[in-house]
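# Remarks on the overall topology
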Amino acid sequence: MPGNLSRFRVLVAPGLHDSGPEHWQSRWQRLYPAFERVCQDDWSDPVLPAWRARVDEVRRRDDRPTLIVAHSFGCLASVHSVAADPANVAGLLLVAPADPDKFGVAALLPREPLPVPSILIASTNDPWMPLERARLWAQHWGSSFIDAGALGHINAESGLRDWLFGQQQLQFLVDRAQNMKPLQY
């Protein structure tokens, strides 16, 4: 595991239709068997409250500091979950989030900084979220924004294999999470 990642529980939150075997999320789970996947009841039915409830449920199973590695609609479910209750979440890696307007869920998502460190990685030619909209959501959420270039939806079709650049961003998130002081309520 990359340095100090073992100090965290890592949840993988896929998007619509789950992440197939050649998706970087699935490849990461093979590289790091301790990573846990958030499994939705219906991968083809993007109902934000239901998907968020599953993220909440999986988060509650363990109280270790948690990093969530989310993709597409999984980003929206993870943001929705963490904005409502950040307990034990140390950071979010949001990759190619789906455009909330395409799913009619923008009103359910926060428009203020998330209470944990986050990195949002977007592509210049993502069919699910124009780059400038991704940048706007990153600003709303207080996320560090990374323009990854023309990588489509940053999925299996992007040919990223183990996606070393993404693993580096996860390590940056680990470093940020370790340097954060817990929020005082």
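We now turn to the structure provided with this report. Small disclaimer: the values here were computed from a predicted structure and weren't measured.

### Focus: the nonpolar core
Within the largest apolar cluster, 33 residues are counted, with the highest numbers of intra-cluster contacts made by I68, L76, L92, L94 and W141. Where this core is concerned, the elements lending two or more residues are β1 (9-13), α2 (48-60), β3 (66-71), α3 (73-84), β4 (89-95), β5 (118-122) and α4 (131-141). Here the element with the most residues in this core is α3; it accounts for six residues. Residue contacts for L92: discarding those within four places in its chain leaves I68, S78, V79, V82, L114, V116, P117, S118, I119 and L173. Residues F8, W163, L170 and A177 belong to the second largest nonpolar core, which totals 24 residues.

### Thoughts on the packing of α2 against α3
The geometry of α2 relative to α3 is characterised by a closest axis approach of 8 Å and an angle of 65° between their N-to-C directions. The element α2 and its partner α3 pack so that their crossing is right-handed. Contacts between α2 and α3 pair L48, W51, R52, V55, D56 and R59 from the former with F73, G74, L76, A77, S78, H80, S81, V82 and A84 from the latter. Classifying every residue of the contact of α2 with α3 by side-chain character gives eight nonpolar, four polar and three charged.

### What about the pattern of salt bridges?
All chains considered together, the criterion is met by 14 salt bridges. Taking the shortest distance from any N to any O, the salt bridge between R64 and E36 comes out at 3.8 Å. Of the two residues, R64 sits in the loop between α2 and β3 while E36 sits in strand β2 (residues 36-37), which places them 28 residues apart along the sequence. Accessibility expressed as a relative area gives 26% for E36, which makes it partly exposed. E132 is paired through a salt bridge with R135; the nearest N and O atoms lie 3.2 Å apart. Here the residue E132 and the residue R135 both occupy positions in helix α4, the gap between them amounting to three residues, near one helical turn. Residues joined by salt bridges that share partners form a network here, namely R9, E36, D62 and R64.

### Let's talk about the sheet that holds β4
Spatial strand order, β2-β1-β3-β4-β5-β6: six strands in an open sheet with parallel pairing. Both outer strands of the open sheet, β2 and β6 (144-147), are each paired with one neighbouring strand and no more. As paired elements, β5 and β6 share four bridges and run parallel to each other. Bridged to I121 within β6 is I146. Helix-sheet contacts for helix α1 (residues 24-31) involve β1, β2, β3 and β4, and the interaxial angle to β3 is about 145°.

### Details of the pairing of β3
The buried fraction of β3 is high, at six of six residues. Side-chain alternation along β3 places T66, I68 and A70 on one buried face and L67, V69 and H71 on a second face that is also buried. Here β1 pairs with β3 via five bridges, running parallel. Along β3, the bridge assignment pairs R9 with T66. As paired elements, β3 and β4 share six bridges and run parallel to each other. Counted as the bridge partner of L67 is G91 from β4. You can see the chain leave β3, run along α3 and come back into β4, and the turn it takes is right-handed.

### As for α4
Of all the positions in α4, only L131, A134, W137, A138, H140 and W141 are classed as buried. Looking at the packing, one finds that the buried side of α4 touches α3, β4, β5 and β6. Just past α4, the residue G142 takes up positive phi, approximately 70°.

### Focus on α2
Compared with the 18 Å implied by 1.5 Å per residue over 13 residues, the 18 Å span of α2 between its first and last C-alpha is a close match. Inspection of α2 places L48, W51, R54, V55, D56, V58 and R59 among the buried residues, and these make up the whole buried set. For α2, the secondary structure elements touched by its buried residues are β1, β3, α3 and β4.

Conventions used here
- Within every chain, residues take consecutive numbers counted from 1 along the sequence as written.
- Since the coordinates come from a predicted model, pLDDT governs what is reported: local features require at least 70, and pairs of side-chain atoms require 80 or more to be given and counted, while whole-chain, interface and lining totals use all residues.
- Side-chain metrics rest on all non-hydrogen atoms present in the structure, leaving aside hydrogens and water.
- Here, nonpolar core means buried Ala, Val, Leu, Ile, Met, Phe, Trp, Tyr and Cys residues that are tied together by side-chain atoms lying within 4.5 Å of each other.
- Exposure categories follow from relative accessible area, calculated using a 1.4 Å probe and restricted to protein chains: below 20% of the type maximum is buried, above 50% is exposed, and the middle band is partly exposed.
- Helix and strand definitions here come from DSSP, where helices need a minimum of 4 consecutive H or I residues and strands a minimum of 2 consecutive E residues; each element is numbered from the N-terminal end.
- Residues are treated as being in contact if the distance between any of their heavy atoms lies within 4.5 Å.
- Axis lines are fitted through C-alpha atoms, for helices just across the contact stretch, and the angle between N-to-C directions can take any value from 0 to 180 degrees.
- Working rule for handedness: look at the near helix, and if it is turned counterclockwise from the far one by less than a right angle, call the crossing left-handed; if clockwise, right-handed.
- Residues are grouped as follows: Ala, Val, Leu, Ile, Met, Phe, Trp, Tyr, Cys and Pro are nonpolar; Asp, Glu, Lys and Arg are charged; every other residue, Gly included, is polar.
- Counted as salt bridges are all cases of a side-chain nitrogen of Lys or Arg within 4 Å of a carboxyl oxygen of Asp or Glu.
- The pairing criterion for strands is at least two bridges between them, as found by DSSP.
- Whether a crossover is right-handed depends on one test, that the path from the first strand over the helix to the second runs clockwise when the strands point away from the viewer.
- A helix is expected to span 1.5 Å multiplied by its residue count minus one.

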